Amino acid sequence: MSFDDLKAALRGEVITAADGGYADHRAKMIWNGRKPDAQPVAIVRARTVADVQTTIAFAARRGISVSPRGTGHNFSGIALQDGIVLDLSALNQIEIDSGAGIAVVGPTACNDVLAERLAEAGFAFPVGHCASVSLSGYLLGGGFGWNSGEWGMACHSVDSADVVLADGRLVSASAAENPELFWALRGGGPLFPGVVVRYRLRLQKLRRGMIMAIRSYPIERIDEVSRWMQGVMAVAPDGVEFTVILHSAPPPVADPSVKLVTAIPTVFAESDADAQEALEGIALWAPADPLNAVGPIPATYGSLYAGSDQANPVGARYLAEAVWSDEPRRLFRIMADAVARAPSAASYAVGSQLPARSFASRPLPDSAFSMAGSGFGALYGIWDDPAQDAANTAWLRAAADAMSPVTRGHYVGEADLARPERLAQCYAPEAWARLQTVRGCYDPTGLFRRASSTSAAPLAIAAE
Ligand SMILES: Cc1cc2nc3c(=O)[nH]c(=O)nc-3n(C[C@H](O)[C@H](O)[C@H](O)COP(=O)(O)OP(=O)(O)OC[C@H]3O[C@@H](n4cnc5c(N)ncnc54)[C@H](O)[C@@H]3O)c2cc1C
């Protein structure tokens, strides 16, 4: 079978390296403006599950590796590999079974669309914090989303999934069917040995009371703000999500050297009154004399996404690092120092302390997602000029190294996966070993060759 035969066999599109428009399609596979060097032999834009099966069977016969692609949002650009890139972006349907409290979704349903459809039906899900990211890789990596402190990592709300295996077979993965595949699906991220073509998600009841507040302080006051956050989260109701953003002062402040820490408590509660009461309790303990205080602001998923999308301009160049820590206050201080020295004013960091009774304080469900801490920190290098790649990369990696004494492990969804040691650091050692075994079992020839199956060798990612 040739690529022409494959084109004829699919409902979707096949763009080979020889086709017009290839360079454009290739660039669009990755959301980050900083693209990997990989040159796939073809990009297959699947329209149906059958397209996915046919493509995988074709690739297996020809000995070509396959890299599934959700919406290409992984900051490390790992969906773009040599071989065939299997673009799943057309598989984005959403069906809600209200009676069962289950949503059946295509892998590339996006956070904002899912949140809105669920809210209309009176449901919610720990969707990710930015609108256009698809569930595809978000759920595979773990999924640290809105109200995850109460609802847990999103992957642990996956009831089952349909998966195309390396031999083209379509199977179900759940606690009862192919349980090892299901184990790997919940957190295995880029190491998952198959292509997820459908998720079944267990839903939460929509929280009718959603409310937030915003307070900014000079970044030098990070310790005070962290103490406030830590005190609040020790006693707060489970539905409180408390985030600090470390960033440059926005316009009209013209001086990019002015840095702020902005504290954003967001409450998810049964009613407006409950949410209001929780937020008032939080505000009581806030450090005095903020530069700016806004709220309480009633929130919807739409307004939450409008805020988060502003921080992540489309087309910019990105490098990210994300860690779990059991010493969040020390972590946030190191991140504040790093942001104060960032070569690009657009770069920022996010710190979050989980509620006292969150998933991080209990044994994690038996799944590949095996690395967590009571605090989470992510650093985002954002710049426009390719000539600044080296300076920004050096800055972010030095900051990550400075964070390492208080880092328990990394989060695969936003880690700097080009660093050779990083992928293994996203898993507990026993889970890392088990992932290799599951990969060997379900993908013995390494069709989904996104990482070494036997070592912590890096994925083939963007040349720096
Ligand atoms: C602006 C922005 C905001 C973000 N916010 C959050 C957040 O709030 N919480 C959070 O947890 N993460 C967040 N992330 C990280 C994001 O969830 C992960 O990077 C995730 O991998 C992106 O999903 P994707 O489908 O675009 O993955 P891609 O980049 O397309 O793929 C990532 C990896 O997963 C594999 N993969 C993707 N889909 C499939 C599939 N269906 N079957 C098998 N393998 C597959 C790919 O082969 C690749 O190795 C954010 C990222 C960005 C850019």
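These numbers were taken from a predicted model, which means no experiment stands behind them.

*Asks:* Kindly report on the site of the ligand, identifying the contributing residues and their values.
*Replies:* Around the ligand, the structure places 34 residues, and the nearest of them are Pro68, Gly70, Ser134, Ser136 and Tyr411. Note that an oxygen atom of the ligand is positioned 2.9 Å from one of the backbone N or O atoms of Gly137. Between the ligand and the protein, one listed contact pairs a nitrogen atom with a side-chain N or O atom of Glu414 at 3.1 Å. Computed on the free molecule, the ligand has an accessible area of 960 Å², of which 97% lies beneath the protein chains in the complex. Of all the secondary structure elements, the ones that give two or more residues to the shell around the ligand are β3 (66–69), α5 (135–141) and β10 (195–202). The leading source of residues in the shell around the ligand is α5, at four residues. Taken together, the residues of the shell around the ligand sort by class into 16 nonpolar, 15 polar and three charged. Formed jointly, the shell around the ligand draws a minimum of three residues from each of two domains, domain 1 (3–87) and domain 2 (94–205).

*Asks:* So what's going on with the packing of aromatic side chains? Which residues, and what values?
*Replies:* Using the criterion set out here, one finds 18 aromatic pairs in the structure. Between Phe144 and Trp324 the ring centres are 5.2 Å apart and the planes differ by 65 degrees, which places this aromatic pair in the edge-to-face class. With Phe144 in the loop between α5 and α6 (148–151) and Trp324 in strand β16 (residues 317–325), this residue pair connects regions lying 180 residues apart in the sequence. The class of Trp324 is buried, set by a relative accessible area of 0%. Here Trp324 and Phe359 contribute two aromatic rings whose centre-to-centre distance is 6.2 Å and whose plane-to-plane angle is 90 degrees, an arrangement assigned as edge-to-face. Linking Trp324 in strand β16 with Phe359 in the loop between β17 (348–353) and β18 (375–383), this pair joins segments that are 35 residues apart in sequence. Residue Phe359 is classed as buried on the basis of its relative accessible area of 5%. Each member of the aromatic cluster is reached from another via a ring pair, and the members are Phe144, Trp324, Phe359, Phe369, Phe376 and Tyr411.

Here is what the cut-offs are and how they apply
- Residues numbered from 1 in each chain as written.
- Predicted model: local features only at pLDDT ≥ 70, side-chain atom pairs only at ≥ 80, totals over all residues.
- Heavy atoms only, no water.
- Near = heavy atom within 4 Å.
- Polar contact = N/O pair within 3.5 Å; in protein donor to acceptor, adjacent residues only side chain to side chain.
- Areas by Shrake-Rupley, 256 points an atom, 1.4 Å probe, with all protein chains shown as cover.
- Helix = DSSP H or I, 4+ residues; strand = E, 2+ residues; numbered from the N terminus.
- Nonpolar A, V, L, I, M, F, W, Y, C, P; charged D, E, K, R; others polar.
- Domains from an automatic or database assignment.
- Phe/Tyr/Trp six-rings, centres within 6.5 Å; stacked < 30°, edge-to-face > 60°.
- Buried < 20%, exposed > 50% of the residue type's maximum accessible area, 1.4 Å probe, protein only.

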